[in-house]
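Listed below, chain by chain, are the residues.
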Amino acid sequence: MYWKNKLNTLLLITLGLCTLPYAGAKKKKDPVDYVQTLTGTLSKFKLSTGNTYPAIARPWGMNFWVPQTGAMGNGWTYVYTADKIRGFKQTHQPSPWINDYGQFSIMPVTGKVVFDEDKRASWFSHKAEVAKPHYYKVHLADHDITTEITPTDRAAMFRFTFPESEQSYIVVDAFDRGSYVKIIPEENKIIGYTTRNSGGVPENFKNYFVITFDKPFSYLATVGDGEIRKNEPESLEDHAGAIIGFSTRRNEVVHARVASSFISYAQAEINLKELGDNTFDELVQEGRDTWNDTLSRIEV
């Protein structure tokens with residue numbers, strides 16, 4: 001009886017220990033942590049492994065953003081095997097076969113003033129890339145600039161971390177087939193529209209955009225069909241663009257706030273208010289919470 005009681009006591013202690021939470025157990029992941037937006041991007045025209053792109057967006061958002069590795073008009077806008085980024089494009093593309101509509105791009109650069117998408121392109125590595133639905137980050141090695149993006153439904157905020165340079169610029173490419181840009185330096189603002197599309201749009205189709213910056217411009221130029229026109233604030237061409245510039249300290253942060261509308265500039269300004277007075281990090285957290293809420297409706 002003595003040994004039986006001893007054995008029962010040991011069994012109870014063992015069972016009790018087994019029910020204690022394991023101290024080294026990993027914290028449960030949020031649903032958004034399981035999302036891999038680069039999955040399916042190892043595709044090309046001849047072979048699809050998904051034909052996806054790493055969309056940066058809110059659930060059912062009006063506008064998506066994507067790092068653009070493909071040339072303007074290429075439906076395979078981002079492919080995993082690419083090693084250069086030409087810009088960060090607002091996209092509405094449902095499929096590479098259908099292609100895109102209402103697209104334009106933003107690209108930070110340093111050094112010589114350039115607009116051409118091949119000349120401004122920068123090498124990047126997936127080791128210096130973070131791709132989440134609500135947040136994207138990459139280091140542009142040729143320009144030594146870190147670019148971060150976080151979106152809302154109709155707007156987005158960019159955070160650029162520049163090196164020390166007297167020649168820091170941001171290029172806005174409104175793409176070809178009819179576009180317009182205007183720089184408003186007294187408001188640290190660029191407005192414009194793009195008409196580029198792949199069909200299925202009304203005759204008066206335009207995507208109006210508004211971009212504001214938190215740093216004054218010390219350089220400005222517009223671009224018309226490849227020609228860079230310094231100190232000309234307006235361009236209406238087949239392929240229009242804008243370049244603004246300033247000197248930056250080492251690790252200086254510059255923010256860009258951008259929104260668009262298929263209706264008007266006034267509506268784009270209203271859409272820009274989605275960002276509110278939130279900081280970049282607050283918007284990242286808001287986006288993360290929104291995705292977690294949406295993804296957690298079904299648990300596996």
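Shown above is the structure to which this text applies.
Residues numbered from 1 in each chain as written. Predicted model: local features only at pLDDT ≥ 70, side-chain atom pairs only at ≥ 80, totals over all residues. Heavy atoms only, no water.

Describe the overall build of the chain, naming the residues involved and giving the relevant values.
In terms of regular secondary structure, the chain is built from 4 helices and 18 strands. Burial status across the chain gives 52% buried among its 300 residues. Distance from the positive charge centre (34 side chains) to the negative charge centre (36 side chains) of the chain: 9 Å. (Helix = DSSP H or I, 4+ residues; strand = E, 2+ residues; numbered from the N terminus. Buried < 20%, exposed > 50% of the residue type's maximum accessible area, 1.4 Å probe, protein only. Lys, Arg positive; Asp, Glu negative; His and termini not counted. Charge placed at Lys NZ, Arg CZ, Asp CG, Glu CD.)

Account for the nonpolar core, naming residues and giving values.
Of all hydrophobic cores here, the largest spans 49 residues; its most connected members are Trp65, Phe88, Phe158 and Ile211. Considering every element that reaches this core, the biggest residue donor is strand β17 (residues 240-248), with 5 residues. (Core = buried A, V, L, I, M, F, W, Y, C linked by side-chain atoms within 4.5 Å.)

Please give an account of the pattern of salt bridges that cites residues and values.
A complete count under the given rule lists 18 salt bridges for this structure. One salt bridge in this structure joins arginine 196 and aspartate 176, with 2.5 Å as the shortest N-O distance. Of this pair, arginine 196 sits in the loop between β12 (189-194) and β13 (207-213) while aspartate 176 sits in the loop between β10 (165-173) and β11 (179-184), placing them 20 residues apart in sequence. Residues arginine 196 and aspartate 176 agree in their burial class; the two are buried. A salt bridge links glutamate 252 to lysine 215; its shortest N-O distance comes to 2.9 Å. Of the two residues, glutamate 252 is situated in strand β18 (residues 252-261) and lysine 215 in the loop between β13 and β14 (219-224); the sequence distance between them amounts to 37 residues. The residues glutamate 252 and lysine 215 share a single accessibility class, namely buried. (Salt bridge = Lys/Arg side-chain N within 4 Å of Asp/Glu carboxyl O.)

Run through the sheet that holds β14, naming residues and quoting values.
The 7 strands are arranged β1-β3-β4-β10-β17-β14-β15 in an open sheet whose pairing can be described as antiparallel. Of all strands in the sheet, those bounded by a partner on one side alone are β1 (64-68) and β15 (227-230). Between one strand and the next, the sheet's axes are offset by a mean angle of 20°, whatever the strand orientation. The sheet contact formed by β14 and β17 spans 6 bridges and is antiparallel. Bridged to valine 223 within β17 is glycine 241. (Pairing = 2+ DSSP bridges. Axes fitted to C-alpha atoms, helices over the stretch in contact; angles between N-to-C directions.)

Residue-level account of the side chain of threonine 69, with values.
Structurally, threonine 69 can be placed in the loop between β1 and β2 (84-85). Here valine 79 takes part through its backbone nitrogen, which lies 3.1 Å from a polar atom of the side chain of threonine 69. If we skip the residues at most four places from it in the chain, threonine 69 touches Thr77, Tyr78, Val79, Ala82, Lys84, Ile85, Arg86 and Phe124. (Polar contact = N/O pair within 3.5 Å; in protein donor to acceptor, adjacent residues only side chain to side chain. Contact = heavy atoms within 4.5 Å.)

Remember that the coordinates give geometry; whether it matters functionally is a separate question.
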